[in-house]
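Structure at a glance
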Amino acid sequence: MVTSGTHAFEAQAECLQRSAECLHYEVEKHGSALARFDRLLSNSEFIEVASYFGTPMLQPNPKTQPWVDEQVILNLRAEREETADVEWGLLFAENFIVLHTELALKPAAHQPRYILLLCVEPPLPGAGGQTIVVPMDAVARCLNAAHSRMLRRTRYARIPDAPPFLRSENGRDVFSIRDPGGAGLEWHYEDGDQPGAAAAEVNAAIRSFLSSLYSPDTIRGIPWQRNLLAVIDNQRVFHGRTFGGRPLSGGAPRHLRRIRVSRDVRQTAELRQHSVAGGVIP
Ligand SMILES: [Fe+2]
């Protein structure tokens, strides 16, 4: 089991504004934050906390509407057996979820800046279904200069306006990428002043990134318990989920409520147009 590296502070539901301020302060400081509330927040209270961070994003996917409340809350209940549907069905099953930037395949301006998770029902201890987080700066520090340079010029192919896998924002290294989890990863390299960069070099940079992503030194788990609220800065922390969370003998499945909050920064600069190289990492 992965251990927690984040301290949770005690919070009172009757002092929502103060709790949101503390959460924001902690997120600014550490990239993620945990608050243990004295009772379960109602949907409107949860939305109020999320609104302190920005604008809660709508959940428009018609397939997930049975799990949506108030248009912005997604109820992540591990109520199904492992599924092959990795598009959306896995959200409500016991599947593991690879480490990722939320909505990594969208333009940067359409990615959430924050993810808020509120625990209604924690997974049984040792039964999996644990949220895992990894700081992006720790991953960036593991990359050598050449690999870092390559990732700053490589992005998803076929995704219009996709940001590079690695970029700088406000002096921080920001990744926009998800672990392909054994599937192919189609990338597009902008050659800049390195014309003809070999596909092998880009693939090596991506592999180096992936091995750094799962370093046991930096991966941490969120110790879910009822009424715990987690905030994750999507520009500073990767997140994922271990396998499990579905009760094997009756009982309630792991249940988290999630709100995505839109980013609060300006539109990113348009991508450069002089790209030439492309390839697929197997
Ligand atoms: Fe996610």
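Placed above this text is the structure.
Quick summary incoming for the structure in this document. (Residues numbered from 1 in each chain as written. Predicted model: local features only at pLDDT ≥ 70, side-chain atom pairs only at ≥ 80, totals over all residues.)

**What to know about helix H5 (residues 199-213)**
Residue pairs spaced three or four apart in an α-helix point in one direction, given the helix's 3.6 residues per turn. How we decide: A run of H or I in DSSP becomes a helix once it reaches four residues, and a run of E becomes a strand once it reaches two; helices and strands are each numbered from the N terminus. Given a helix with a known number of residues, its expected span is that number minus one, times 1.5 Å. Exposed residues have 12 or fewer other C-beta atoms within 10 Å of their own C-beta, buried residues have 20 or more, and residues in between are partly exposed; the C-beta atoms are placed from the backbone. Summarising the geometry, the arc corresponds to the directions from the helix axis toward the C-beta atoms.
For H5, built from 15 residues, the straight-helix expectation of 21 Å at 1.5 Å per residue is met to within 8% by its first-to-last C-alpha distance of 21 Å. Along H5, the residues that are buried comprise Val202, Ala205, Ile206, Phe209 and Leu213. End-on view of H5: buried residues confined to an arc of 95°, all on one side of the axis. Along H5, the residues that are exposed and aim more than 90 degrees away from the buried face are Ala200, Arg207 and Ser211.

**Some remarks on the pairing of strand E6 (residues 112-121)**
Selection rule: Whether two strands pair depends on DSSP finding at least two bridges between them.
The element E6 is extensively covered by neighbouring structure, given that 8 of its 10 residues are classed as buried. Alignment of E6 against strand E15 (residues 255-262), held across 8 bridges, turns out to be antiparallel. In the strand pairing of E15, Glu121 is matched with His255. Relative to strand E13 (residues 228-233), E6 is paired through 5 bridges, and the arrangement is antiparallel. Bridging from a neighbouring strand, Leu117 pairs with Ala230 of E13.

**Some thoughts on unusual backbone geometry**
Even without being glycine, Leu103 reaches a positive phi, approximately 55°. Within the secondary structure, Leu103 is located in the loop between strand E5 (97-100) and E6. The phi torsion at Arg158 lies on the positive side, around 65°, for a residue other than glycine. One can find Arg158 in the loop between strand E8 (154-156) and strand E9 (166-169).

**A word on the pairing of strand E11 (residues 185-189)**
Successive residues of a regular strand alternate their side chains across the two faces of the sheet. Within E11, 4 of the 5 residues are buried, leaving the element largely enclosed by the surrounding structure. As judged from the 3 bridges shared by E8 and E11, these two strands associate in the antiparallel manner. From the neighbouring strand, Arg155 faces E11, where its bridge partner is His188.

**A few points about the sheet that holds E5**
Pairing in this open sheet of 4 strands is antiparallel, and the strands run E5-E14-E7-E12 from one edge to the other. Looking at which strands have only one partner, the edges of the open sheet turn out to be E5 and strand E12 (220-221). Bridging between strand E7 (residues 131-135) and E12 involves 2 bridges; their strand directions are antiparallel. Residue pairing in the sheet places Val133 in a bridge with Arg220 of E12.

**Let's talk about helix H1 (residues 16-30)**
Put simply, the rule is: Throughout, a pair of residues is in contact if the C-beta atoms placed from their backbones lie within 7 Å.
Relative to the 21 Å expected for 15 residues at 1.5 Å per residue, H1 spans 21 Å between its end C-alpha atoms, a close match to the ideal helical length. Of the residues making up H1, those classed as buried are Ser19, Ala20 and Leu23. Buried residues along H1 cover an arc of 100° about the axis, so they all sit on one side. Turned more than 90 degrees away from the buried face of H1 sit Gln17, Arg18, Glu21, Tyr25, Glu28 and Lys29, all of them exposed. The elements touched by buried residues of H1 are strand E1 (8-11), strand E2 (32-37), helix H2 (43-53) and E13. Within two residues after H1, Gly31 carries a phi angle of roughly 95°, on the positive side.

**Brief notes about the packing of H1 against H2**
The test is simple: Whenever a helix is involved, its axis is fitted only over the stretch in contact; in every case the axis is a line through C-alpha atoms, and angles between N-to-C directions fall within 0 to 180 degrees. Working definition: roughly parallel below 35 degrees, roughly antiparallel above 145 degrees, roughly perpendicular at 65 to 115 degrees, and oblique for all remaining angles. For any helix crossing, the convention is left-handed if the near helix is rotated counterclockwise from the far helix by under a right angle, and right-handed if that rotation is clockwise. Asp, Glu, Lys and Arg are counted as charged, while Ala, Val, Leu, Ile, Met, Phe, Trp, Tyr, Cys and Pro are counted as nonpolar; the rest, among them Gly, fall into the polar class.
At a minimum axis separation of 9 Å, H1 and H2 run at an interaxial angle of 45°. For the element pair H1 / H2, the angle class is oblique. Seen along the crossing, H1 lies across H2 with a hand that is right-handed. Judged by residue contacts, Leu16, Ser19, Ala20 and His24 of H1 engage Glu45, Glu48, Val49, Tyr52 and Phe53 from H2. The residue makeup of the contact of H1 with H2, split by class, is 5 nonpolar, 2 polar and 2 charged.

These results come straight from atomic positions and should not be treated as a statement about function.
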